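Secondary and tertiary structure notes
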Amino acid sequence: MTVKHKTVLFAYAVIAITALLLFNNLFYSFCWSDEGFYLSTVNRMMTGERLFIDDWSPTQSYEPLLYPLYALFIKIVGSTDGIYLFFRIATLFFQALTAVAAYCIFSKKMRRSASLTLALVALIFARACINGPSYYVIGCETYLLGIVALYAFFELHRHRLFLFISGIFFALAVLCNPYLALVYITVSAALLIFSATRKRWKLWLCIWAGTVFVAVIYIAAVLYKTDPVSILKSLKYIFNDPAYGRKPIHTIKRLYKCPRLILFPYVITNLPIIAAYIAVLKKRIALTPKTKPLLFLLNTILLVVNGIVIEKDCGAFIMAFFHYGIFTALLFSPYTLKKAAVEYKRELLYFIIPGLILSYFFCYASDTSFGVCSIGMVVVSGGIASVYIQSFENAFPSEKLSNRLLKYLPLAIIVCGTFFYRVNLTYRDIRLFPHIAFIPSRHPATEKITQGPASGLYTGSIYKRQYDSILHTLERIDTEKGDTIFISQLAPWAYLVDKNLACGAPTTWRLPPSDYRIEPYYEDFAGHRLPDYILFLDKSIRDNDNEISGNEWIIRRLNECGYVQTSVACGILYAAKRKGYAE
């Protein structure tokens, strides 16, 4: 077996072991909000509801991607018991496949260590450490796979089918973040405008064909049982969700949010390396065999500091590595800025520029901050790793073992740091004890959920009691196929409990009784009847702060229609006269 073959086998073994270690963590923590929201939205499709008309969630565009797996699970299991864990495993499997594909293609021409770094970061990273199928993770992975396919054709001269495949993956990424359509259209127009690229129109046509293929299927699915007029009527409510800031000032802030998050938090911590670079630039410090290791050490220390101090987030070390790579290139690269743009052309075109674009538009689309900015940095890390390795080898050309170990040290730091955050940070649940390989022992205040959608997961004891309380309330409802329910304010997973209970609300996300969209949803849209049951969760239930004054439109309407009010363990249940509840 050659050294090359051993290196490749080692890389795949590292990817496999990392995936197995991540698998160990899938059983811990129950994400009450986000994961349940993703699954409850696709559940609406299962119950026959129409996209963009019956559901007013602004993030629903990617849900059809989850539908085939969701339908398969229901067909095999017959219920939603354990569906959280199933989708966590499926998401990790998809990330592992993406990692393998990225390493397999990029390592053919890039440094294998840079390719492996990118593959591992793509496997490990999950925005906010959410284990489920979020549009953040699916969007990042499909975007990266689109780049993988482009690289395979243009750099490895593979079959044109790869261009078609890239078009498919870019289309899927657009479904996860529709703002990326602006980028796709702009780049496509530029390719036709400039003569240097226009003559290759047949190649671009292959990419567009893949995108159109997805678009036709998607549009057909959306328009099934509905019409464009009704969709247009719903859009003003979909894009004016009170849970997301949509005022002009919020839009303005989002325009510069990405550059602010990339640059501003690091100004203070990077001052030592900035000062060192200025000194080198002004010839006050000479790059000698003695000063080079000191500068490398300073930069590496700052990589660790930035990864730990700036933000406790799964993307912290990925963001810090961006700065690390830039300063390494500024200090040790032999190229001028103009020459570097030529020498690092592949890194810029396939990784750095596309990754920064992805970060920008996820920052613009989301009402969150640091975590979404690091999404695109997953893609950027491949280019930065390659630039870093070339710059390091220029500064330390010797092949001594010590130099080789130092060269791989920052790559190990970004991978291990990202992994540590991923397995130790839990999203909105009891914290884990610090660990790397296996959970040494669960928090003493945890219990295993044994029934319902989150069956098989461990969560905080208090959260399990609240989960069971809602679950038992829903199980006591005397339901028939076609019944509907509205749960306020937030327990999206509860819509998955009873297959007879379809969602009868504008969205499964945060929906307080005072939400302005409730009245037009039932009054202005044919087919949106008042639900058979409405459950207003008590303020003691996590993520809920319901305040009912009695003047809300929905409360007045329920009283006018003679709904029966019942106090239950988790809140207040309203039931239509013809419906029953076993107390």
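Residues numbered from 1 in each chain as written. Predicted model: local features only at pLDDT ≥ 70, side-chain atom pairs only at ≥ 80, totals over all residues. Heavy atoms only, no water.

**Things to note about the pattern of salt bridges**
Selection criterion: When a carboxyl oxygen of Asp or Glu lies within 4 Å of a side-chain nitrogen of Lys or Arg, that pair is called a salt bridge. Working definition: helices are DSSP H or I runs of at least four residues, strands are E runs of at least two. Numbering for both runs from the N terminus. Under the scheme applied here, a residue whose accessible area is under 20% of the maximum for its type counts as buried, over 50% as exposed, and between as partly exposed, the area being computed with a 1.4 Å probe on protein chains only.
Counted by the stated rule, this structure contains 17 salt bridges. For Asp34, the salt bridge is made with Arg428, and the minimal N-O distance between the two is 3.4 Å. Here Arg428 lies in the loop between helix 20 (401-424) and strand 1 (446-448) and Asp34 lies in helix 2 (residues 34-46), a separation of 394 residues in the sequence. Put simply, Asp54 and Arg50 hold a salt bridge, and the shortest N to O gap is 2.9 Å. Its relative accessible area of 22% is what places Arg50 among the partly exposed residues. When salt bridges with common partners are traced through the structure, they connect Arg44, Glu49 and Asp55 into a single cluster.

**With respect to the side chain of Glu155**
Applicable threshold: Under this definition, polar contacts are N or O atom pairs within 3.5 Å; protein pairs additionally need one hydrogen-donor-capable and one acceptor-capable atom, and for neighbouring residues in sequence, both atoms have to be side-chain atoms. Only heavy atoms enter the contact rule, under which two residues are in contact if any of them lie within 4.5 Å.
Turning to its location among the elements, Glu155 is positioned in the loop between helix 6 (135-154) and helix 7 (161-176). Reaching out from Glu155, the side chain makes a polar contact with the side chain of Arg346 at a distance of 2.6 Å. A distance of 2.9 Å separates a polar atom in the side chain of Glu155 from a polar atom in the side chain of Tyr350. Excluding residues within four positions of it along the chain, Glu155 makes contact with Lys109, Leu150, Arg346 and Tyr350.

**Focus: the nonpolar core**
The criterion, for reference: The nonpolar core is taken to be a set of buried Ala, Val, Leu, Ile, Met, Phe, Trp, Tyr and Cys residues, with the residues joined through side-chain atoms within 4.5 Å.
In terms of nonpolar packing, the biggest core is built from 184 residues, with Phe30, Phe106, Ile470, Trp493, Tyr522 and Ile554 touching the most fellow members. Residues in contact with Ile470, not counting those within four places in the same chain, are Trp32, Ala491, Trp493, Ala494, Leu537, Ile541 and Cys570.

**Thoughts on unusual backbone geometry**
Geometrically, the link from Ser488 to Gln489 is a cis peptide bond, its omega value of 20° lying close to zero. Turning to its location among the elements, Gln489 is positioned in the loop between strand 4 (483-488) and strand 5 (501-503). Not every positive phi belongs to a glycine, and Ala128 is a case in point at roughly 60°. Here Ala128 lies in the loop between helix 5 (112-124) and helix 6. Positive phi values are uncommon outside glycine, yet Cys129 reaches one of about 60°. Owing to a relative accessible area of 5%, Cys129 belongs among the buried residues under this scheme.

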